[in-house]
Each structure stands twice: as C-alpha cells, then as structure tokens.
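Reading the structure
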Amino acid sequence: MENRFQDTSAHVRSYSLVWCGGRTLVASQLFPPITRTMAVGDDCMSGLHIDEAIQINGDSSQSVTNKHAQGEVIVLIPGLPNDLALQCLARVPRRHHLNLRCVCKEWRNMIASEYYYSLRKRLEVTEGWIYAFSRDYFECLHWHVLDPVTRLWKELPSMPVDCLRRYGVTCSVVQRELYVMGGGGGGNFHVPTPEVYKFDPVKNEWTEAAAMETARCYIVSGALNGRLYAVGGMGVTSSALRSWEVFNPQTNERLFREDPNVVPDLGESLVMDGKIYVRHASARSGYMGSYAAVFDPVESSWAAVDNEMVKKWCGPTAVTGNDVYMLDQSFGIKLMVLDKESGEWDRIGRFSPLSIRLPCRLAAIEKNLYVVGRGLKTLVLNTDKASTTSGGILVASTINGLPDSEDVILSCHVIEL
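Read on for a plain summary of the structure. Every value quoted in this text rests on a predicted model; they were computed, and no experiment measured them. Here the residue numbers are simple positions, counted from 1 along each chain's written sequence. Local features in this predicted model are restricted to residues whose pLDDT is 70 or higher, and side-chain atom pairs enter the listing and the counts only when it is 80 or higher, whereas totals over whole chains, interfaces and linings include all residues. With hydrogens and water excluded, all non-hydrogen atoms of the structure serve as input to the side-chain values.

Structural notes on the layout of surface pockets
Only protein atoms enter the 1 Å grid used here. Points where a 1.4 Å probe fits but cannot escape make up a cavity, open sets with protein on both sides within 12 Å along at least five of seven lines make up a pocket, and a residue lines them when an atom lies within 4 Å of a point. Grid points are joined across faces, edges and corners, and a volume is the space filled by probe spheres set on the points. What the second largest pocket holds in volume is close to 960 Å³. Taken together, 43 residues line the second largest pocket, and the ones lying closest to its centre are Asp 200, Pro 201, Val 202, Lys 203 and Leu 417. When residues are sorted by character, Ala, Val, Leu, Ile, Met, Phe, Trp, Tyr, Cys and Pro go into the nonpolar class, Asp, Glu, Lys and Arg into the charged class, and all the rest, Gly among them, into the polar class. Residues of the lining of the second largest pocket, tallied by class, amount to 21 nonpolar, 8 polar and 14 charged.

Regarding the pattern of salt bridges
Here, a salt bridge means any side-chain nitrogen of Lys or Arg that lies within 4 Å of a carboxyl oxygen of Asp or Glu. In the structure shown here, the tally under the stated rule is 12 salt bridges. The salt bridge involving Glu 114 is made with Arg 176; its shortest N-O contact spans 2.6 Å. Here the residue Glu 114 occupies a position in helix 5 (residues 114-122), and Arg 176 occupies one in the loop between strand 8 (170-174) and strand 9 (177-181), the gap between them amounting to 62 residues. Categorising residues by exposure relies on relative accessible area from a 1.4 Å probe, with only protein chains included: less than 20% of the type maximum marks a residue as buried, more than 50% marks it as exposed, and the intermediate range marks it as partly exposed. On the accessibility criterion, Glu 114 (47% relative accessible area) is partly exposed. A relative accessible area of 22% places Arg 176 in the partly exposed class. Residues joined by salt bridges that share partners form a network here, namely Asp 162, Arg 166 and Glu 195. Counting from the N terminus, the helices are DSSP H or I runs at least four residues long and the strands are E runs at least two residues long.

Some remarks on the pairing of strand 12 (residues 220-224)
Of all 5 residues making up strand 12, 4 are buried, and the element is well covered by its neighbours. Note on pairing: DSSP must find at least two bridges between two strands before they are called paired. With 5 bridges connecting them, strand 12 and strand 13 (residues 227-231) associate as antiparallel partners. Bridge pairing in strand 13 places Leu 224 opposite Arg 227. What sits between strand 12 and strand 13 in their antiparallel hairpin is a turn of 2 residues, with Asn 225 showing a positive phi close to 55°.

Some points on unusual backbone geometry
The peptide bond linking Leu 358 to Pro 359 adopts the cis configuration, its omega dihedral lying at -5°. Note on placement: Pro 359 falls in the loop between strand 23 (344-351) and strand 24 (361-365). The backbone phi angle of Asn 252 is positive, close to 60°, even though this residue is not glycine. Tracing the chain through its elements places Asn 252 in the loop between strand 14 (243-248) and strand 15 (253-258).

Describing the nonpolar core
Leu 76, Tyr 116, Tyr 131, Trp 143, Met 159 and Trp 206 are the most contacted members of the largest nonpolar core, which has 39 residues in total. Of all the elements in the fold, those that place two or more residues in this core are helix 2 (82-90), helix 4 (105-111), helix 5, strand 5 (128-135), strand 6 (141-147), strand 9 and strand 10 (196-200). Only buried Ala, Val, Leu, Ile, Met, Phe, Trp, Tyr and Cys residues count toward a nonpolar core, and they belong to the same one when joined by side-chain atoms within 4.5 Å. In terms of nonpolar packing, the next biggest core, distinct from the first, is built from 16 residues, Ala 318, Leu 335, Phe 351 and Leu 362 among them.

A few points about the sheet that holds strand 7 (residues 152-155)
In spatial order, the strands read 7-6-5-28; together these 4 strands make up an open sheet with antiparallel pairing. Strands with a single pairing partner mark the edges of an open sheet, and in this sheet they are strand 7 and strand 28 (408-416). Within the sheet, the average angular offset between the axes of one strand and its neighbour, ignoring direction, is 25°. When strand 6 meets strand 7, the two strands line up antiparallel, connected through 4 bridges. Directly across from Asp 147, in strand 7, lies its bridge partner Leu 152. Where helices are involved, their axes are fitted lines through C-alpha atoms of the stretch in contact, as for all axes, and angles between N-to-C directions lie from 0 to 180°.

What about helix 5?
Of the residues making up helix 5, those classed as buried are Tyr 115, Tyr 116, Tyr 117, Leu 119 and Arg 120. Buried residues in helix 5 make contact with helix 2, helix 3 (97-100), helix 4 and strand 28. Trailing helix 5 by a residue or two, Glu 124 shows a phi angle of about 60°, which is positive. Throughout, a contact is declared for two residues whenever any of their heavy atoms are within 4.5 Å.

Quick look at the environment of Leu 338
Here Leu 338 shows up in strand 22 (residues 333-339). Expressed as a C-alpha distance, the spacing of Leu 338 and Tyr 325, which sit 13 residues apart in the sequence, is 6.3 Å. Contacts of Leu 338, omitting those with residues within four sequence positions, involve Met 272, Met 309, Val 324, Gly 343, Glu 344 and Trp 345.

This is the structure we're talking about:
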C-alpha cells in the first residue's frame, strides 16, 4: 500500500481526517501490524484493537506511556508518538467521544481524564452542549441534550425511577457534572428528600452522590468556585428552611449553615461576578416579590440586596463572558441585557410569540443565546449579529423540538467538554 504521509505535520492532518471526516486512512509504512483494522463511520466507530495495552493517567501527558514487562514502550496509536496521538484524539468532535470510549480501556480512561479536557481547552476545541430538564404530559421528568453542531435534541438515560415524579427539585452543573438535588413527591404535600444524583456526560450515566444534610424541596442552587450550593426550600414538616449548605465534590464533604436572610419561595438563582444571587418567587404577605439575597463566598454569609438589578429581575438568566441576559416573559418574550454600571436591564428586542411557546428557559454558549421553549423548540440568537425587524422582533434561527411534544422546560444548563 502506498505511503501517503511525508512528514510529522502530515501525520496530524491525516488523523484529523480519520476521526473528523469519517474516513479510514491506513498507510502501511506508518502503521505497525494491527490485529484488526479500523472502521470509522460518520456517527460511530468500532473495531480498533491494538496488540499492546497502555495505561492512561490524566495528570500529565508523559503518563500515557507504560513499560511492557519486556521494557517495550507502549503507545496510544501505533506509528505515532504519544504526544501527537493525544493531539489527534483531542481534536475528535465531542459527539464521537462515547464511541472512542468503546475502543479500549486505555482510551476510555483517557477520555475521562482531566488532562484530556485541559488539552482540548488549550487547543480551543471544547464544545458546549445544552442539557434541558423537562416535565411531560404525564408529569414525568426527562433530560434531553442538544449538540449545537448537529442541532438535534437527544434524550439522556433516565434518572432512577423514584426520581421521575418529583417536584421542587433543583439542578446545577459543577466540575462538568450535572447534579439533581432534593425535591419530593406523593400526596398533596410533596415529602422532601435529601437525595442527590449526578450525571456524568463522559460516561453517559447517572449515579448517586452524597446526600444533603437536610431534606429539601422547592429550593434553588448554584455552583461557585467548584462548589455546589443548595439554598432554602421546604422541609419535612412543611416549614420553611432558613438554611443553606455547600457541597465540595473533591472532598465529598458538606457544610450546613442557617441564615435569616434565606427565605422560602426562592424562584431563581444567578451566579455573577463571583457571587450567588437568589430571587424571591412570589409576593406573599410579609415578603416582597422583589426580595433577593446575595451570597459572598469571602464572608461566607448571605445579605439582603435591594437594587435596580433585582427589582427588575423577573425571569431566567444566562451569563456569557461579562454579559448577563434575561428573558422577561411577563408580556410576550423580551430579551434583556444587564447594564452593570447602572444596574438596569436594557431591552434588546422581543421574540415572536408564533416562533416559540411559553414557558421558556435561557442558555448561553459563547456568543450564542438559546431560548428553549415548550416541546424543546429552540431559538438561536447570535449576540454579535443580533438584528430586529421593523416591529422590534428579534431575528433568530430555529431548532426543531420533539414532535407533538408538550414538555414544559424546567431548567437548562451548559456542560463544556
């Protein structure tokens, strides 16, 4: 067979074609004997079996090699130095990562390693996917994920059965894992639970995480500095909880605190400028609908906050870079952006009520905003290229949702890998 590769840079380009272009390129002068060949399709990969085994440790690039019993150096891809092999594998589009994990144990460990993610980040090839939490017509909970490249929604594996009909759960992303916390179900009063489950997007599976110190439902949460916060909610005696707790995934430890500035009926949370803001959900006797509190991690305490930002904060938010966006769904669907100097929410434009159905949630990936409505129908707006019609209607592209679906979107989150 003809040798198609002339230099080291050509090696990298050829492997990029193999993995990204969905074609199989094999050069006899490049590959040492392999027990089976490699076949790569557009959406799947199977059958790469290398004679030797390697051990992957995600702490450093030097650890991808291991010495065989006879002292032979084992490599990731036969015919390539390991540093080049990692460069090639790091450029594989995220939608193929589950298939890469099926090749061998060593590739599976590599895909799950922190080094692999950090390398993709340095190469600026990480991809953000949107995870949408919804409730269907039968009151069951579901998770779907959107790959912005393919523009297709796919359903995730189901959570444990006893979670599927809970109410008042909260969700957050920390360290590239999705956490579902608390909630309750059954009877007129939804008995709370302290249970926490997490979804690993690399393994594509749910596992149980360390439970909260207190059973909670109808709570809010946020991730800050690699830690997960659960705030307020209702307890097992239907009494309001004026407490919060923080979970450290690295140490698997929780810290519980009470604070009078934590009130019931919290409806939204916003992580901005290194602080967590929480907003009151309704206007009941004794509470103002605009009540909000802010958590300062330096002081490790909550304080009531009353400024223009929280007074006009009335819908789901998304943060991208230094910009904070909000969906005001009180009269139609208006997109707002926060002026941090004045604290005012400035109107960008509004979306046509014919293009999407309420209620909607908001997510951001770089300069693109994703408005996810009922049935997972999605509008995509590039903030750098945003334009409006003469009637002030924002021009956005559309991603189809689930056919004949009435699923109500509860929250949206972005995980970058």
